[in-house]
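Examining the three-dimensional arrangement
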Amino acid sequence: MGYAHEYAAAIMHRGRVPMDPADYVPNWQDGPRKAKFYPGADSFPLPDAPYPADATLDRGLCTEGAPGEGEFDLPTLSGMLRDSYGLTGRRLGVQANTDLSALPFYPLANWSRGSASGGGLYPVGVHWISGPSGPVPPGVHYYSTRHHAMQRLLTGDVSGEVRAALGEGAPGPATDQYLVLSIKFWQNSFKYNSFSFHAVSMDLGACLQTWRMWAAARGLAVEPALWFDEQRLAALLGVDPQEEGIFAVVPLKWAGYEQSSGEGVAAPATSATPAAPAAVRRKDVERSRTVLTFDALLRMQAATSADATARPAPGALAPAAAHPVDPAAAEVELPPARPLETDVRTALRDRRSSFGRFDAQQPVTRPQLAACLSAAVAGSRLGGDTGEVRLAKLYAFVGHVEGLAPGSYAYDPERQSLRRVKEGRPGEFLQRNYFLANYNLEQAGAVLVPTVRTTAVLDAVGDRGYRLVNATIGAVAQSVYTAASAVDLGCGVALGFDNISYIEELGLEGTGEAPLLIMMIGNERPAPADFRYEIA
């Protein structure tokens, strides 16, 4: 039993037993940047990329059929990055979050992005490793979110290093174009200390799910790899593995690859690997004068990066699949889900957190609820080398849904219906077990709760499975956020709740299910006080 089991238990009990360091207070004046900074690096802007109106969220969340056969090119890559992690607008609306007082000041501006992020910190770094088939000289590039540009960190074809790090049986097409996702821990741990590993691995899933939805709606495929030689890729990017973890690799099916490579499958890298492999020499310049480390974070990085090349065998995760619904529980039928006809780009750009804005006077409709539940299930499979086993189960605390009795329910994805767990209004329970003051959960139409059998996942695939557990939860949250946007609902996601109380309330003591997130959906108060920055 590895350290991830111990960390998972501490996370579940942190509402009752604070994690060390319990007295930690962030030094906001000495916080890090929200992205890495490479002074002097050459950069080039990414092109505009129109998004077709028929690339709807329904297509993006469709889990049936073969993966998309389309090919990426530079405009397509640009559009996917802009709509997922690029800056797309200012957040200046009056709401109930604690950062409200800082929003009007430009140096502290809170910029909106398509993907959700814990605390709005966005710690995922996106690197494009481009080989000879790309539209620019081969090399390693860092995506600068503030400029929507690529910064060149290394010149030369190192795509073979990525291919070798992925190893045999890696998902995705034969290619020489890869997106490598890293997480610089200090970008999150300065605020969340030991808890940060839990949060950042959800951020990874939110980003990946945005890409999967965006790409699928356009007939493209994004199949992430979570198992690979992490040490080798850290060396390639020139980062310290204790400070920055390499969390995912996404091979891209690239237009023109077969023609440029001759055979369509590159030669094994081992035959041409130099004695001293190429590596990025440029270093990220940290803004913080003081950078702290946290024992739990260091131990989780060490535990989850060990044996990183031991990709799970097909079917390895089957014993950790989502716990089945109780067939004896009373079934409550749902109508067909409201269609998600909004194009993915629009849904992502309209997505935001509803801090304190929920208004129960207008209940959620059952087709709206069904759409959000269906989207959550679609997001519960990351694909790639994680397989097609659905790990997450979904519960719903219903407070204000038209034609649906208040109470708690389990969602049955096969029958697309609800199974009653407990009757009665859940508002008092929800608010009592929420730690913050930025939401009134009683005013939400429903609170959705995904669970994963974390211990079973760790037993099945080892400590690295913790990254998979939380990436899955992050993907579910991103799917619900985007679906809520498409069906004209507000949405909010939170980690600050008493996990053990949810286990007790839902009767999960014997199932091994861990409630890891709460997702609130509902209608918002009309005529919100928003500053129209785009016309100012």
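Going by the structure above, here's the rest.
Presented here is an overview of the structure given in this document.

Quick notes on the rules
- Residues numbered from 1 in each chain as written.
- Predicted model: local features only at pLDDT ≥ 70, side-chain atom pairs only at ≥ 80, totals over all residues.
- Heavy atoms only, no water.
- Core = buried A, V, L, I, M, F, W, Y, C linked by side-chain atoms within 4.5 Å.
- Buried < 20%, exposed > 50% of the residue type's maximum accessible area, 1.4 Å probe, protein only.
- Contact = heavy atoms within 4.5 Å.
- Helix = DSSP H or I, 4+ residues; strand = E, 2+ residues; numbered from the N terminus.
- Pairing = 2+ DSSP bridges.
- Axes fitted to C-alpha atoms, helices over the stretch in contact; angles between N-to-C directions.
- Phe/Tyr/Trp six-rings, centres within 6.5 Å; stacked < 30°, edge-to-face > 60°.
- Lys NZ or Arg CZ within 6 Å of the ring centre and 35° of its normal.
- Salt bridge = Lys/Arg side-chain N within 4 Å of Asp/Glu carboxyl O.
- Parallel < 35°, antiparallel > 145°, perpendicular 65-115°, else oblique.
- Arc of directions from axis to C-beta.
- Polar contact = N/O pair within 3.5 Å; in protein donor to acceptor, adjacent residues only side chain to side chain.
- Disulfide = S-S within 2.5 Å.

Leu179, Leu181, Trp211, Leu369, Leu448 and Ile518 are the most contacted members of the largest nonpolar core, which totals 143 residues. Not counting residues up to four positions away in its chain, the partners in contact with leucine 369 are Val364, Val401, Leu404, Leu418, Ala446, Leu448 and Ile521. Judged by nonpolar contacts, the second largest core, of 24 residues, contains Leu166, Ala225, Phe228 and Leu236.

Omega for the peptide link from aspartate 20 to proline 21 comes to -5°, which places this bond in the cis form. Within the secondary structure layout, proline 21 lies in the loop between helix H1 (3–13) and strand E1 (43–45). In this structure, aspartate 307 takes a positive phi of about 55° despite not being glycine. Within the fold, aspartate 307 resides in the loop between helix H9 (295–305) and strand E9 (331–333). Phi is positive for glutamine 416, close to 50°, though the residue is something other than glycine. Mapped onto the elements, glutamine 416 comes out in the loop between strand E11 (407–412) and strand E12 (417–423).

Hydrogen bonds between backbone groups are what pair the strands of a sheet, and the pairing can be parallel or antiparallel. One open sheet holds the six strands; their spatial order is E1-E6-E5-E4-E7-E8, and the pairing between them is antiparallel. In this open sheet, the two strands that pair with only one neighbour each are E1 and strand E8 (244–251). In this sheet, neighbouring strand axes are inclined to one another by 30° on average, regardless of whether the strands run parallel or antiparallel. As paired elements, strand E4 (residues 124–130) and strand E7 (residues 177–184) share seven bridges and run antiparallel to each other. Bridge assignment links histidine 127 to a residue of E7, and that residue is valine 180. Sitting on the sheet, helix H7 (residues 230–237) touches E4, strand E5 (139–144), E7 and E8, and the angle it makes with E8 is about 100°.

With that settled, the discussion passes to the packing of aromatic side chains. One pass over the full model with this rule turns up 22 aromatic pairs. Between the aromatic rings of tyrosine 434 and tyrosine 439, the centroid separation amounts to 6.5 Å while the plane-to-plane angle is 65°, which identifies the pairing as edge-to-face. The buried category is assigned to tyrosine 439, whose relative accessible area is 3%. A network of ring pairs unites the aromatic residues Tyr3, Tyr7, Phe185, Phe197, Phe247 and Tyr466 as a single cluster. The residue whose ring lies beneath arginine 113 is tyrosine 85, and the NZ or CZ to ring-centre distance is 5.4 Å. Its end group placed over the ring of phenylalanine 247, arginine 467 keeps NZ or CZ at 3.9 Å from the ring centre.

Time to look at helix H4 (residues 159–166). Most of H4 sits inside the fold, with six of its eight residues counted as buried. One or two steps after H4, the chain reaches glycine 167, where phi turns positive at roughly 75°.

Summed over the entire model, instances satisfying the criterion amount to 21 salt bridges. In this structure, arginine 16 engages aspartate 498 in a salt bridge whose closest nitrogen and oxygen atoms are separated by 3.1 Å. Here aspartate 498 lies in the loop between strand E14 (490–494) and helix H15 (499–506) and arginine 16 lies in the loop between H1 and E1, a separation of 482 residues in the sequence. The buried category is assigned to aspartate 498, whose relative accessible area is 8%.

Let's shift gears to the packing of H1 against helix H13 (residues 454–461). H13 packs onto H1 with a crossing angle of 170° between their chain directions and a minimal axis gap of 10 Å. With respect to H13, the element H1 is oriented roughly antiparallel. Between H1, through Ala4, His5 and Ala8, and H13, the contact on the second element is made entirely by Thr454, Thr455, Leu458 and Asp459.

Residues that lie three or four places apart on an α-helix share one face, since the helix turns once every 3.6 residues. Of all the residues in H7, the buried ones are Glu230, Leu233, Ala234, Leu236 and Leu237. One side of H7 carries all its buried residues, which in axial view fall inside an arc of 160°. Regarding H7, its N-cap is aspartate 229, as a side-chain oxygen of that residue lies 3.4 Å from the backbone nitrogen of glutamine 231 further along. Directly after H7, the chain includes glycine 238, whose backbone phi takes a positive value near 70°.

With that settled, consider the side chain of glutamine 368. Checked against the element boundaries, glutamine 368 lands in helix H11 (residues 366–378). Excluding residues within four positions of it along the chain, glutamine 368 makes contact with Arg338, Val487, Asp488 and Leu489.

Okay, the state of the cysteines next. One pass over the structure, following the stated rule, counts zero disulfides. Just so you know, cysteine 372 is unpaired, no disulfide at all, and the nearest cysteine sulfur is the one on cysteine 491, 7.0 Å from it. A relative accessible area of 0% places cysteine 372 in the buried class.

Extensive coverage of E8 is indicated by the burial of eight of its eight residues. Bridge count for E7 against E8 is seven bridges, and the pairing is antiparallel. The partner of leucine 179 across the bridge, within E8, is valine 250.

Turning our attention to the side chain of threonine 511. Along the chain, threonine 511 turns up in the loop between H15 and strand E15 (514–515). Relative accessible area serves as the criterion here: at 18%, threonine 511 is assigned to the buried category. At 3.1 Å, the side chain of threonine 511 forms a polar contact with the backbone oxygen of leucine 508. Polar contacts involving the side chain of threonine 511 include one to the side chain of glutamate 513, which spans 2.8 Å. Look past the residues within four positions of threonine 511 in its chain and what remains in contact with it is His323 and Arg453.

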